[in-house]
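A closer look at the structure
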Amino acid sequence: MNMEPVSSTVYSTDKEHETKDMDIRSLSSSHPQTPNSPHTHKVGIPPKQNLLKEIKATVKETFFADDPLRPFKDQPRSKKFILGIQTIFPILEWGRSYNFTKFQGDIIAGLTIASLCIPQDIGYAKLANLDPQYGLYTSFVPPLIYAFMGSSRDIAIGPVAVVSLLMGTLLENEVDSKKDAETYRRLAFTATFFAGITQATLGFFRLGFLIDFLSHAAVVGFMGGAAITIALQQLKGLLGIKDFTKKTDIVSVLHSVFVSAHHGWNWQTIVIGVSFLAFLLFAKYIGKKNKKLFWVPAIAPLISVIMSTFFVFITRADKQGVQIVKHIEKGINPSSVKEIYFSGHYLPKGFKIGVVAGMIALTEAIAIGRTFAAMKDYQLDGNKEMVALGTMNIVGSMTSCYAATGSFSRSAVNYMAGCQTAFSNIVMSCVVFLTLQFITPLFKYTPNAILAAIIISAVVGLIDFEAAILIWKIDKFDFIACMGAFFGVVFSTVEKGLLIAVSISFAKILLQVTRPRTAILGKLPGTTVYRNIQQYPGATMVQGVLIVRVDSAIYFSNSNYVRERILRWLTDEEEKLKASYQPKIQFLIVEMSPVTDIDTSGIHALEELYKSLQKKDVQLILANPGPVVIDKLYASNFANTIGEDKIFLTVADAVASCSPKLATEV
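- For the chain, the name recorded in an unreviewed UniProt entry is STAS domain-containing protein, with Hevea brasiliensis as its organism.

Laid out in structure tokens, this is it:
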């Protein structure tokens, strides 16, 4: 009999491949074929694999999917050593091709983001309930470390609003920053140390996929809620209120604002704050309208600080109730190694806060890095990024810094300013160094209102209405996660909002795993293609045959549901047929193409399904089980239980065995 070539998998019979050890099996359909019936293809069974090799392949695919050791293959030992050093310090790789053109771009970008980061750092430090210089410290050491170890060309490192608020809130829950400033500061360094340990550990053990459990929708909601909370917190500085609530929920904050309206507001502070806030928002509008004027919103905060400081100094508005920064300690970062709690009562508290802050900082940095890497078309090694971010926070915690990460606003400015490499972070760090050494005394008369205005203008961009609308259009459950995180942060606390975000993200995963989709398939007219009848209303069902597709792997978590759902499909269809006096269902075909894996519970569920169908006098037929599934069907002897002639490569072949006449229709 002449066999036409087919597109199904063909296993080699070459003796060199040692077919004796491969144990290749195939299932042939033994039903009779008419002269006009199409050839029924065989379902190939993968060769038996060595258990050790199988485990090795699984581990490699799980933890080393990007094949990080590929560059080391077939390289001499000296070359491998150099590649290893370059892997840890990417600056040694891109530094070899560094030139004056790239240097120019990095200098301009570095100076631009420095002008933006200095006023922001002072404000973010206050958000974390720390003295202003700690914000500047955090933009000095961590960017230097990242420039040597990070793989992103565009991320601008430093303190950010969300992480500052998160740390400030969590730390304040443990220690009062005003009554016991030293313990508070030490706990902040301890939390930063463990944030770095968390990040570096995830990267070193290649566990970066864990941060993906916080869905994009949850992150959008959390960031938006945090932005609202941060902006509301700034009303204290913007309105000149002295006695302000320590709570972060919107009800408590607004109550505190309106209670102090008659005696606690300072009109001079309001004039300064609102005027410069309008200026900053207008500058952002100009930069958004004309991309070439990106430098306008970048330099606007520094201009605002200079002008407002000068205004307060010459008018001595501080004597009229306008609150000012007062003193910023001069000099570079002092060592804080001895201030970290490595034992005692505050160690577990620092660890807990550090893990939470580290994960949020990591999520934000990786998201920013991937965004700009995609825009510039280069690969970003997520695990390498985690090690770099972790290392810089570990070193930062020992040099009086609190948790640093990638800032979206500064990274966007860095990108638009034409940065070429991570050297722009070094430039920014040098400017901050000069500021710490020589300029900090000049910030003495900087009004708190201007810092509040700068923070408000910065966090406005974190509220992504377009993303929320898109999430609503695409996935309603995602929108629930988004809104849950948003309202959790706004109406409760940051940590509860984060908990809601994580909980809803996990709930979605569990729902998808435990309740996989199933569909009834019908035949598209004039073809042998079978598709979902809900998606293709023109698809016709085959008389006497019910075709059900399972759109998920079958595991212990969903096996009972899959069995019950298939039987419910059958029951519903039989009731319809009975009502219309049509012939009953004789064959149930389960399309298994999407079923990527099956466990013992899944096999047991199929066995129970088979027994239930036998009682109903319905034959069970399987179509196109994958290599992993068919191997397990054989190992469990289920393939022999239902019969090898009841397993087919395609739905069309399966239908042909049930209804040969239909198979030949065109």
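Next, the rest of the story.
With respect to the overall build of the chain
- What the chain contains, in helices and strands, is 28 helices and 10 strands.
- Burial status across the chain gives 51% buried among its 666 residues.
- A sequence separation of at least 24 residues applies to 79% of the contacts in the chain between residues at least 6 apart.
- Surface exposure of the chain reaches about 33100 Å², of which carbon and sulfur atoms provide 61%.

Digging into the UniProt feature "domain: STAS" (unreviewed entry) in the chain
- Taken from the UniProt record, the annotation "domain: STAS" (unreviewed entry) applies to residues 535–658.
- As a span, residues 535–658 carries 48% helix and 15% strand, and end to end its C-alpha atoms are 24 Å apart.

Quick notes on helix α7 (residues 141–149)
- Val141, Pro142, Pro143, Tyr146, Ala147 and Met149 are the residues of α7 that are buried.
- Its buried side turned inward, α7 meets α3 (77–88), α4 (91–94), α6 (132–138), β3 (157–158), α16 (382–397) and α18 (423–439).

Description of the sheet that holds strand β10 (residues 647–648)
- In spatial order, the strands read β6-β5-β7-β8-β9-β10; together these 6 strands make up an open sheet with mixed pairing. The open sheet terminates on both sides in strands that have one partner only, identified here as β6 (530–532) and β10.
- Across the sheet, helix α23 (residues 559–579) touches β5 (518–523), β7 (545–550) and β8 (587–591), and the angle it forms with β7 is around 150°.
- Its contacts with the sheet put helix α27 (residues 651–658) on β6, β7, β8, β9 (619–623) and β10, and the angle it makes with β8 is roughly 170°.

Some remarks on the nonpolar core
- Ranked by size, the top nonpolar core spans 96 residues in total, and within it Met167, Phe222 and Ile360 carry the most contacts.
- Examining the composition of this core, we find that 9 residues originate from one element, helix α19 (residues 448–459), more than from any other.
- In terms of nonpolar packing, the next biggest core, distinct from the first, is built from 36 residues, Val548, Phe638, Ala639 and Leu649 among them.

A word on empty space enclosed by the protein
- Under the criterion given, the structure shown has 1 cavity of 30 Å³ or more.
- Every residue lining the largest cavity is listed: Ile554, Ser559, Val562, Arg563, Ile566, Gly602, Ala605, Leu606 and Leu609.
- Those elements that provide at least two residues to the lining of the largest cavity are α23 and α24 (600–615).
- Its residues assigned to classes, the lining of the largest cavity comprises 6 nonpolar, 2 polar and 1 charged.

Examining the packing of aromatic side chains
- Applying the stated rule across the entire model yields 19 aromatic pairs.
- Both rings, one in Trp472 and one in Phe479, keep their centres 5.0 Å apart while their planes meet at 70°; by these two values the pair is edge-to-face.
- One aromatic cluster is present, formed by Trp94, Tyr98, Phe100, Phe103 and Phe423 through successive ring pairs.

Brief notes about the side chain of Glu385
- Mapped onto the fold, Glu385 is located in helix α16.
- Of the buried charged residues, Glu385 lacks a salt bridge, with Lys384 as the closest side chain of opposite charge at 8.0 Å.
- A distance of 2.6 Å separates polar atoms of two side chains, one belonging to Glu385 and the other to Tyr146.
- Those residues in contact with Glu385 that lie beyond four places of it in its chain are Tyr146, Gly150, Ser151, Ser152, Ile155, Ile366 and Leu380.

Some thoughts on the pairing of β9
- For β9, the tally of buried residues reaches 4 of 5 residues, placing the bulk of the element in the interior.
- Here β8 pairs with β9 via 5 bridges, running parallel. By the bridge assignment, Glu591 is partnered in β9 with Ala623.
- The handedness of the β8 to β9 crossover, carried by α24, is right-handed.
- As paired elements, β9 and β10 share 2 bridges and run parallel to each other. Bridging from a neighbouring strand, Leu622 pairs with Ile647 of β10.

A look at the side chain of Gln120
- The residue Gln120 is located in helix α5 (residues 100–127) in this model.
- The contacts of Gln120, once residues within four sequence positions are left out, are Ser409, Arg410, Ile454 and Ala458.

Notes on the packing of helix α13 (residues 267–289) against helix α14 (residues 295–315)
- Contact geometry of α13 with α14 gives a least axis separation of 9 Å together with a crossing angle of 160°. One element, α13, and the other, α14, form an angle in the roughly antiparallel class. Remark: the crossing between α13 and α14 carries right-handed chirality. For the pair α13 and α14, the contacting residues are Ile272, Phe276, Phe279, Leu280, Ala283, Lys284 and Gly287 in the first and Val296, Pro297, Ala300, Pro301, Ile303, Ser304, Met307, Ser308, Phe311 and Val312 in the second.

A closer look at the pairing of β5
- The element β5 is extensively covered by neighbouring structure, given that 6 of its 6 residues are classed as buried.
- Burial of the side chains of β5 extends over both faces: Thr518, Ile520 and Gly522 are buried on one face and Ala519, Leu521 and Lys523 on the other.
- Across 3 bridges, the pairing between β5 and β7 is antiparallel. Bridged to Thr518 within β7 is Val550.
- In this sheet, β6 lies alongside β5 in antiparallel orientation, the contact comprising 3 bridges. Across the sheet, Lys523 pairs through a bridge with Tyr530, a residue of β6.
- In sequence, β5 turns back onto β6 through a hairpin of 6 residues, with Gly526 there showing a positive phi of about 75°.

With respect to the pattern of salt bridges
- Counting across every chain of the model gives 15 salt bridges.
- Between Glu174 and Lys349 there is a salt bridge, with its nearest N and O atoms 3.3 Å apart. Of the two residues, Glu174 sits in helix α8 (residues 161–174) while Lys349 sits in helix α15 (residues 347–376), which places them 175 residues apart along the sequence.
- Glu174 gets classed as partly exposed once you look at its relative accessible area, which sits at 25%.
- Among the salt bridges present, the one from Lys508 reaches Asp475, with a minimum N-O distance of 3.3 Å. On the criterion of sequence distance, the pair formed by Lys508 in helix α22 (residues 494–514) and Asp475 in the loop between α20 (465–474) and α21 (476–491) is long-range, its members being 33 residues apart.

Cut-offs and rules
Residues numbered from 1 in each chain as written. Predicted model: local features only at pLDDT ≥ 70, side-chain atom pairs only at ≥ 80, totals over all residues. Heavy atoms only, no water. Helix = DSSP H or I, 4+ residues; strand = E, 2+ residues; numbered from the N terminus. Buried < 20%, exposed > 50% of the residue type's maximum accessible area, 1.4 Å probe, protein only. Contact = heavy atoms within 4.5 Å. Areas by Shrake-Rupley, 256 points an atom, 1.4 Å probe, with all protein chains shown as cover. UniProt positions renumbered as here; feature names shortened; annotations may be inferred. Pairing = 2+ DSSP bridges. Axes fitted to C-alpha atoms, helices over the stretch in contact; angles between N-to-C directions. Core = buried A, V, L, I, M, F, W, Y, C linked by side-chain atoms within 4.5 Å. 1 Å grid on protein atoms, 1.4 Å probe; cavity = no way out; pocket = protein on both sides within 12 Å on 5 of 7 lines; lining within 4 Å. Points joined across faces, edges and corners; volume = space filled by probe spheres on them. Nonpolar A, V, L, I, M, F, W, Y, C, P; charged D, E, K, R; others polar. Phe/Tyr/Trp six-rings, centres within 6.5 Å; stacked < 30°, edge-to-face > 60°. Lys, Arg positive; Asp, Glu negative; His and termini not counted. Salt bridge = Lys/Arg side-chain N within 4 Å of Asp/Glu carboxyl O. Polar contact = N/O pair within 3.5 Å; in protein donor to acceptor, adjacent residues only side chain to side chain. Right-handed = clockwise from strand over helix to strand, strands pointing away. Parallel < 35°, antiparallel > 145°, perpendicular 65-115°, else oblique. Left-handed = near helix turned anticlockwise from the far one by under 90°.

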